[in-house]
Amino acid sequence: MLIYPLFISDQDDEETLIPSLPNQYRRGINRLVPFLEPLVRKGLRSVILFGVPLKPGTKDALGTAADDPEGPVIRSIRLLRQRFPQLYIVADVCLCEYTSHGHCGILRDDGSLNNQLSVDRISDVAVAYAKAGAHCVAPSDMNDGRIRAIKLKLIEEGIVHSVTLMSYAAKFSGCLYGPFRDAAGSAPSFGDRRCYQLPPGGRGLARRAIVRDIHEGADIIMVKPAGQYLDIISDAKELGRDLPIAAYQVSGEFAMIHAAAKAGVFDLKGMVFESHESILRAGATIIISYFTPELLDWLSN
Ligand code: PBG
Ligand code: ZN
């Protein structure tokens, strides 16, 4: 039930500690297999991949590099499929890592999102990841209508039966994504994501987004962040009775737990179990967690 996030850069030999995300590294493709081998041996079953283009000149207004066949995500999907046949590979689908402005879609001249162009582009990227061998594609951009567009394109391409579509359906805007944006280099260069992500108080909006994405063809519904949105996880379980529900304990939650443990507020292991058990109690059956390696150790002892 655990999915471990991996940041993969286009510097093939890189292994760089991400300062705001304790113990998490940005790695090049050459570092992946040696890093994952012991984890897979300990029982790691699934990873979610985020691409981090660092080469100068890679980013543009359309996020062209997102589905570059020689880019880090597509090459990693191929490599991991081949080297770890039992590993379930999820590919996060978004443009913010690849756009020059750092937003999750394609913009109009006035800086607002162009929904049609964004959704067309994002569904192309999702299909490219699926064709490369991703078991699951997970659009995190929150552009309206993207689930439907991806599902239709997967049908058109004749691969819909072999790909799971996990929707970041209830994704709230807020303070908890900072370390991720450091790691992925995806902070917006102007404005924020409040016009496409949900406001923290928006329970009704989240419920509507969940229902909408189920109707558009999502196979898994995700709620994110997790710990501050347990009511939404519970809503998702109720609204999506026949779907698996995933929750993402995001970078800011992970960093907070580490910081508080370091400050002596609580014991790290105790809080990791408490926070994950609470997410499960609320109704999630899948947790995307930066604590996955620790949990593999702790759960086997
Ligand atoms: C990209 C994306 C983000 C996260 C997952 N996919 C950042 C964002 O929306 O700004 C956040 C994950 C985390 O904070 O751990 N759209
Ligand atoms: Zn994004």
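Up top you'll find the structure we're talking about.
Please read these numbers as outputs of a predicted model, since none were measured by experiment.

*Asks:* Even after reading the chapter, I still don't get the pattern of salt bridges, so can you show me in this structure?
*Replies:* Side chains bearing opposite charge may pair, as long as their charged atoms lie close to each other. Applying the stated criterion across every chain yields a total of 19 salt bridges. Of the charged contacts in the structure, one is a salt bridge between Lys 42 and Asp 297, with a shortest N-O distance of 3.0 Å. Here the residue Lys 42 occupies a position in helix α1 (residues 29-42), and Asp 297 occupies one in helix α10 (residues 292-300), the gap between them amounting to 255 residues. For Asp 297, a relative accessible area of 31% puts it in the partly exposed group.

*Asks:* What is the right way to read the nonpolar core from this model?
*Replies:* If you look at soluble globular proteins, the nonpolar side chains tend to sit buried side by side. Residues Phe 7, Leu 36, Tyr 129, Val 137 and Met 166 are the most contacted members of the largest nonpolar core, which totals 103 residues. It is helix α3 (residues 115-132) that contributes the most residues to this core, 8 residues altogether. Excluding residues within four positions of it along the chain, Phe 7 makes contact with Ile 18, Leu 21, Tyr 25, Arg 26, Arg 27, Phe 50, Val 52, Phe 180, Ala 183, Ala 184 and Tyr 290.

*Asks:* Explanation requested: the coordination of the zinc ion (ligand 2) in the structure shown.
*Replies:* Ideal geometry at a metal centre: 109.5 degrees between donors when four sit tetrahedrally, and 90 or 180 degrees when six sit octahedrally. For the zinc ion (ligand 2), the protein coordination sphere consists of Cys 94 (SG), Cys 96 (SG) and Cys 104 (SG), at 2.2 to 2.3 Å. Angles of 100 to 118° at the metal separate the 4 donor atoms of the zinc ion (ligand 2), which places the site in the tetrahedral class. Along the chain, the residues that donate to the zinc ion (ligand 2) are spaced as C-x1-C-x7-C. Overall, the relative accessible area of 2% leaves Cys 94 in the buried class.

*Asks:* Would you mind going over the site of ligand 1 with me for this structure?
*Replies:* Close to ligand 1 lie 19 residues; Lys 171, Arg 181, Lys 224, Ser 251 and Tyr 290 are nearest. For ligand 1, whose free accessible area comes to 400 Å², the fraction covered by protein is 100%. Looking at the shell around ligand 1, the elements with two or more residues in it are β7 (164-171) and α5 (178-184). Class assignment of the residues belonging to the shell around ligand 1 gives a composition of 11 nonpolar, 3 polar and 5 charged.

*Asks:* Help me understand the side chain of Arg 146 in this model?
*Replies:* Inspection of the secondary structure puts Arg 146 in helix α4 (residues 146-156). By relative accessible area, Arg 146 is classed as buried at 0%. Only 3.4 Å separates the side chain of Arg 146 from the backbone oxygen of Pro 139, close enough to count as a polar contact. Not counting chain neighbours up to four residues away, the residues in contact with Arg 146 comprise Val 119, Pro 139, Asp 141, Ser 167, Tyr 168, Ala 169, Arg 212, Asp 213 and Glu 216.

*Asks:* Could you clarify how one ought to interpret unusual backbone geometry in this entry?
*Replies:* For residues besides glycine, phi is generally negative; the peptide bonds are generally trans as well. With an omega dihedral of -10°, the bond running from Lys 224 to Pro 225 counts as a cis peptide bond. Mapped onto the fold, Pro 225 is located in the loop between β8 (220-224) and α7 (230-239). Residue Asn 23 is not a glycine yet carries a positive backbone phi of 65°.

*Asks:* I'm lost on the pairing of strand β1 (residues 2-9) in this one. Help?
*Replies:* Looking down a regular strand, the side chains alternate between one sheet face and the other. Burial of β1 is extensive: 8 of the 8 residues sit out of reach of the surface. Judged by which residues are buried, β1 turns out to be covered on both faces: Leu 2, Tyr 4, Leu 6 and Ile 8 on one side and Ile 3, Pro 5, Phe 7 and Ser 9 on the other are all buried. Here 2 bridges tie β1 to strand β10 (residues 286-289), and the two strands are oriented parallel to one another. Each residue of the ladder has a partner; that of Ile 3, found in β10, is Ile 288. Strand direction decides the pairing type here: β1 and strand β4 (residues 46-52), joined by 6 bridges, are parallel. Within β4, the position partnered with Ser 9 by the bridge is Val 52. One ladder, built from 2 bridges, connects β1 with strand β3 (residues 25-27); its direction is parallel. Looking at β3, one finds that Ile 8 is bridged to Arg 27.

*Asks:* Where do I start with the packing of aromatic side chains in this structure?
*Replies:* Geometry of an aromatic ring pair is reported as the spacing of the ring centres plus the angle between the planes. Taken as a whole and judged by the stated rule, the model has 11 aromatic pairs. Here Phe 7 and Phe 50 contribute two aromatic rings whose centre-to-centre distance is 5.6 Å and whose plane-to-plane angle is 25°, an arrangement assigned as stacked. Residue Phe 7 is found in strand β1, and its partner Phe 50 is found in strand β4; the two are separated by 43 residues along the sequence. In terms of burial, Phe 7 and Phe 50 fall into one category: buried.

Reading the values: rules and limits
Residues numbered from 1 in each chain as written. Chains lettered and ligands numbered in written order. Predicted model: local features only at pLDDT ≥ 70, side-chain atom pairs only at ≥ 80, totals over all residues. Heavy atoms only, no water. Salt bridge = Lys/Arg side-chain N within 4 Å of Asp/Glu carboxyl O. Helix = DSSP H or I, 4+ residues; strand = E, 2+ residues; numbered from the N terminus. Buried < 20%, exposed > 50% of the residue type's maximum accessible area, 1.4 Å probe, protein only. Core = buried A, V, L, I, M, F, W, Y, C linked by side-chain atoms within 4.5 Å. Contact = heavy atoms within 4.5 Å. Donors = N, O, S within 2.8 Å, 3.2 Å for Na, K, Ca; no water. Tetrahedral: all angles 85-135°; square planar, octahedral: opposite > 155°, others 65-115°. Near = heavy atom within 4 Å. Areas by Shrake-Rupley, 256 points an atom, 1.4 Å probe, with all protein chains shown as cover. Nonpolar A, V, L, I, M, F, W, Y, C, P; charged D, E, K, R; others polar. Polar contact = N/O pair within 3.5 Å; in protein donor to acceptor, adjacent residues only side chain to side chain. Pairing = 2+ DSSP bridges. Phe/Tyr/Trp six-rings, centres within 6.5 Å; stacked < 30°, edge-to-face > 60°.

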